[in-house]
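# Breakdown of the fold
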Amino acid sequence: PSLTQRKAGPLARKQRKERAQEAMDQKIKIPRSFKLLEEYDYAVGKENKTKIVGQHSGLINYGLMDYNRETKDPLGFWRGIIIGIQGKQSGELLYAFEITIPAKYPDVAPIVRFKGPKMDLMAIDSRGYVNLAKLSPSFKWTPDKWIADILMAIRTSMNHPSVLKTCVERARSGNYF
């Protein structure tokens, strides 16, 4: 370090170090396959690690779909279930979903589509696709987030009174996407 840098003190050194780390973080981009392999490890609980935590623990299950040579993307298609809010009517149901991972993942969010049963959730359109921006509380995808973050946000949104009131009625009538 130069004489000026030594005189600047520990605060200036800390700021330089933080700026250098920020610059490195911006330059390093994790490849899609690396991030998805890490996602898979968390999904299957490798080394007892998971991203599904808190009130959602044990109530969201997801993983890769069976590999199909026609897809040519063994890490691009996932599926799973969400068990509804426990102690509420939705807790009686298993909500099946599929996830498609875009080519530009993790810069672009995964696409989640529910297969059934239908529920009155503002974030889910008539074909079962989830609009992440409409989840409540609000959810914004960033490359540092995980598939599990989306799934926990969806399950949290399921606690809305309109969802809880109609979900069992719809499921009993065979109302699926």
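Just above, that's the structure.
If you're wondering where the values come from, they're calculated on a predicted model, not measured in any experiment. (Residues numbered from 1 in each chain as written. Predicted model: local features only at pLDDT ≥ 70, side-chain atom pairs only at ≥ 80, totals over all residues. Heavy atoms only, no water.)

### A word on the overall build of the chain
For the chain, the count of helices and strands is four helices and four strands. When each of the 177 residues of the chain is scored for burial, the buried share is 36%. Counting only contacts in the chain whose residues sit at least 6 apart along the sequence, the fraction spanning at least 24 positions is 54%. (Helix = DSSP H or I, 4+ residues; strand = E, 2+ residues; numbered from the N terminus. Buried < 20%, exposed > 50% of the residue type's maximum accessible area, 1.4 Å probe, protein only. Contact = heavy atoms within 4.5 Å.)

### Remarks on the nonpolar core
By size, the foremost hydrophobic cluster in this structure holds 35 residues, and its most contacted members are Tyr62, Phe114, Val130 and Ile154. Mapped onto this core, the elements with two or more residues apiece are α2 (32–44), β1 (60–64), β2 (77–83), β3 (94–100), β4 (111–116) and α3 (147–157). Of all the elements, α3 adds the most residues to this core, at seven residues. The residues touching Tyr62, leaving out its near neighbours within four places in the chain, are Glu39, Ala43, Ile52, Trp78, Arg79, Gly80, Phe97, Ile147, Ala148 and Leu151. (Core = buried A, V, L, I, M, F, W, Y, C linked by side-chain atoms within 4.5 Å.)

### Some words on unusual backbone geometry
Pro106 follows Tyr105 through a cis peptide bond whose omega is 10°. For Pro106, the location among the structural elements is in the loop between β3 and β4. In this structure, the amide linkage connecting Ser136 to the following residue, Pro137, adopts the cis form with an omega of 0°. Looking at the element boundaries, Pro137 is found in the loop between β4 and α3. The phi dihedral of Glu47 falls on the positive side, at around 55°, and the residue is not glycine. Residue position: Glu47 is located in the loop between α2 and β1.

### Things to note about the pattern of salt bridges
Applying the stated rule across the entire model yields six salt bridges. For Lys115, the salt bridge goes to Glu98, with nearest N and O atoms at 4.0 Å. With Lys115 in strand β4 and Glu98 in strand β3, this residue pair connects regions lying 17 residues apart in the sequence. Here Arg127 and Asp125 are joined by a salt bridge, their closest N and O atoms 4.0 Å apart. (Salt bridge = Lys/Arg side-chain N within 4 Å of Asp/Glu carboxyl O.)

### Some thoughts on the pairing of β2
Side chains Trp78, Gly80 and Ile82 of β2 all project onto a buried face; the interleaved residues Phe77, Arg79, Ile81 and Ile83 project onto a face where none is buried. One ladder, built from five bridges, connects β1 with β2; its direction is antiparallel. By the bridge assignment, Asn61 is partnered in β2 with Ile81. Judged from the seven bridges that link them, β2 and β3 form a sheet pairing that is antiparallel. Across the sheet, residue Ile82 finds its bridge partner in β3, namely Tyr95. (Pairing = 2+ DSSP bridges.)

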